[in-house]
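Here is what each chain is made of, one letter per residue.
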Amino acid sequence: MRKYHIHTFGCQMNEHDSEIIAGILEERGFQATDSPDDADLIIFNTCCVRENPERKVYGRLGDLKKRKMANPDLIIGVAGCMVQQPGEVERITKRFPHVDLVIGTMNIHELPDLLDQVEAGHKAYRILEEDPEEGAGVMEGLPIRRVPGVSAWVSIIYGCNNFCSYCIVPYVRGRERSREFQDIVNEVKRLGQEGFKEVVLLGQNVNSYGHDLQDGRDFADLLRAVDKTPGIARIRYMTSHPRDFTDKLIETIASSETVCEHFHLPLQAGSNKVLARMNRGYTLEHYMDLVSKIRKAVPECSITTDLIVGFPGEDEDDFAETMRAVEEIRFDSAFTFVYSPRRGTAAASMPGQVPDDVKSRRIQELIDRQNEITQEINDTLQGRTVEVLVEGLSKTNPSMLSGRTRTNKLVVFPLYPGVTQGDLINVKITETRAWTQIGEVVSV
Ligand code: SAH
Ligand code: SF4
Ligand code: F3S
């Protein structure tokens, strides 16, 4: 049997696309392998949100040249966001002539065609340069080979219309397209029957869900419809935009049973001047107001965020405002990024690009302070008993089990008789850390 290996970069949307690519390949008779060395087909599912992941892909593609020379039957493919950038297909094929197949984010359903061409001895490149009037449409019924485990990803809306000035995603994922309400509800039901315990609803901005549909239902309605799906103990979603997080949505989450008490709300920056230049569509005051409404409606929730330092024009005062926001809001944790100029985005050509040494100093200061706050918040868990959904053996210590709280904190605890993957158990926290909490099982 021929074997395939997919190397995925980037966000959950890419991870989920890789599950679809895997599904298509398995329908074609390929078998998965963890090792690229014994694969007959290697696919890189790429990300271009910042420069780093891109550089890694180029490095890996370069490494494969020798293997392709030794084994001309090896098929090398590149998929994902990177290839959707203007001129990228030419760049890849020129620099890496050993690449056989390039496929865009909106073309995954065409993979079988492309493989036919490659197997007939041709190169096959296909990306969709989306017609903004038409949109790329929504593909239903593609095979999905999900990574086995407790949690399953479900796409609810593709693309993004926000055009935050730093961000490449709207260019490489096209305009917003919502899946039909009932298709999503049915998929979640099926996942419950298949034994998944948690569902993560995916979209670049899940709050936009339904705006482009005729039936008038929105993201809050969708959450209500999938809440209490038999078998599904927890519902999560990624990512919501602070601009259009409605009161209806807060109420729905507060009154739901299975939607988790975790809010990931990317703030990006604490300065209103920077937020406006980022085209985020909200002010710090709006954001703080939203956070207090959420904390009032859903006590004991966790709030996490994304922050960017070194956006063009960010001066010391602006950065100080991000630090102050972090101080006042007290996020449970934050993903922190150094601004990375992306070709074709508005911010890439803005004046006031911040020098690398300043960016490095700012990110370090931010990370250091946020880590302290994260530790302080986690310290309040000491001695408390929390509900944990068991994910399996700990990746770093296979003599321990690991799982997450509803607030999305990772908890590691010793093996316990009868406790296995997918169980909901009570764990008492015995030691707190910034990333992992240590605990012991108190009841099953
Ligand atoms: N759709 C999601 C996030 C997508 S990208 C949202 O809107 O929240 C994930 C994070 O990467 C963003 O929240 C942002 O903090 C960061 N990011 C995006 N583009 C970036 C860039 N050019 N430089 C640095 N960080 C960036
Ligand atoms: Fe990028 Fe903004 Fe869209 Fe998120 S909302 S994907 S940051 S443009
Ligand atoms: Fe990267 Fe594309 Fe996700 S650019 S972050 S993989 S949407």
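These numbers were taken from a predicted model, which means no experiment stands behind them.

Attention shifts here to the sheet that holds strand β10 (residues 198–202). In any sheet, the strands associate via hydrogen bonds between backbone groups, in a parallel or an antiparallel arrangement. One open sheet holds the 3 strands; their spatial order is β7-β10-β11, and the pairing between them is parallel. Each edge of the sheet is formed by a strand with only one pairing partner; in this case those strands are β7 (151–155) and β11 (234–238). On average, each strand axis in the sheet is inclined to that of its neighbour by 25°, with strand direction left out of account. Inspection of the sheet shows β7 paired to β10 by 5 bridges, in the parallel sense. Across the sheet, the residue bridging to S151 is E198, located in β10. Where helix α6 (residues 181–194) meets the sheet, it contacts β7 and β10, and its direction lies at approximately 170° from that of β7.

For a regular strand, side chains alternate in direction, first toward one face of the sheet and then toward the other. Strand direction decides the pairing type here: strand β15 (residues 385–393) and strand β18 (residues 424–431), joined by 5 bridges, are antiparallel. What sits directly across from E387, in β18, is N426. Note: β15 against strand β16 (residues 400–404), 4 bridges, orientation antiparallel. Bridge pairing links V390 to G403 in β16. Counted between consecutive antiparallel strands, the loop separating β15 from β16 contains 6 residues.

Moving on: the site of ligand 2. Close contacts around ligand 2 come from C160, N162, F163, C164, Y166, C167, V169, P170, Q204, H241 and R280, and that covers them all. Of the residues that constitute the shell around ligand 2, the class distribution is 7 nonpolar, 3 polar and 1 charged.

Turning our eyes to something else, we now look at the domain arrangement of the chain. Splitting the chain by domain gives domain 1 (3–126), domain 2 (151–379) and domain 3 (385–443). Between the C-alpha centres of domain 1 and domain 3 the distance comes to 36 Å.

Within the element layout of this structure, T407 appears in the loop between β16 and β17 (410–414). A distance of 2.7 Å separates a polar atom in the side chain of T407 from a polar atom in the side chain of T405. Once residues within four sequence positions are removed from consideration, T407 is found in contact with E261, H262, E300, C301 and S302.

A few words on α6. In this model α6 runs 20 Å from its N-terminal to its C-terminal C-alpha over 14 residues, within 8% of the 20 Å that 1.5 Å per residue would give. The complete set of buried residues in α6 reads F181, I184, V185, E187, V188, L191 and G192. For α6, the arc enclosing every buried residue in end-on projection is 160°, short of the 170-degree limit, so these residues lie on one face. Pointing more than 90 degrees away from the buried face of α6 are the exposed residues Q193 and E194. Where α6 is buried, its residues contact β7, β10 and α7 (219–226). Among the residues trailing α6, G195 stands out with phi positive, at a value near 105°.

Inspection of the secondary structure puts G313 in the loop between β13 (302–309) and α11 (316–329). Since its relative accessible area comes to 23%, G313 is described here as partly exposed. With 68 residues separating them along the chain, G313 and L381 place their C-alpha atoms 39 Å apart. Beyond its immediate chain neighbours, meaning those up to four positions away, G313 contacts K273, R277, D318, P351, G352 and V354.

Here the focus is the pattern of salt bridges. Counting across every chain of the model gives 37 salt bridges. Note that R146 and E187 form a salt bridge whose closest N and O atoms lie 2.6 Å from each other. Highlighted residues: R146 in the loop between β6 (124–126) and β7 and E187 in helix α6, separated in sequence by 41 residues. Taken individually, R146 and E187 each receive the classification buried, so the pair is uniform in this respect.

About the criteria used
- Residues numbered from 1 in each chain as written.
- Chains lettered and ligands numbered in written order.
- Predicted model: local features only at pLDDT ≥ 70, side-chain atom pairs only at ≥ 80, totals over all residues.
- Heavy atoms only, no water.
- Pairing = 2+ DSSP bridges.
- Helix = DSSP H or I, 4+ residues; strand = E, 2+ residues; numbered from the N terminus.
- Axes fitted to C-alpha atoms, helices over the stretch in contact; angles between N-to-C directions.
- Contact = heavy atoms within 4.5 Å.
- Near = heavy atom within 4 Å.
- Nonpolar A, V, L, I, M, F, W, Y, C, P; charged D, E, K, R; others polar.
- Domains from an automatic or database assignment.
- Polar contact = N/O pair within 3.5 Å; in protein donor to acceptor, adjacent residues only side chain to side chain.
- Expected span 1.5 Å × (residues − 1).
- Buried < 20%, exposed > 50% of the residue type's maximum accessible area, 1.4 Å probe, protein only.
- Arc of directions from axis to C-beta.
- Salt bridge = Lys/Arg side-chain N within 4 Å of Asp/Glu carboxyl O.

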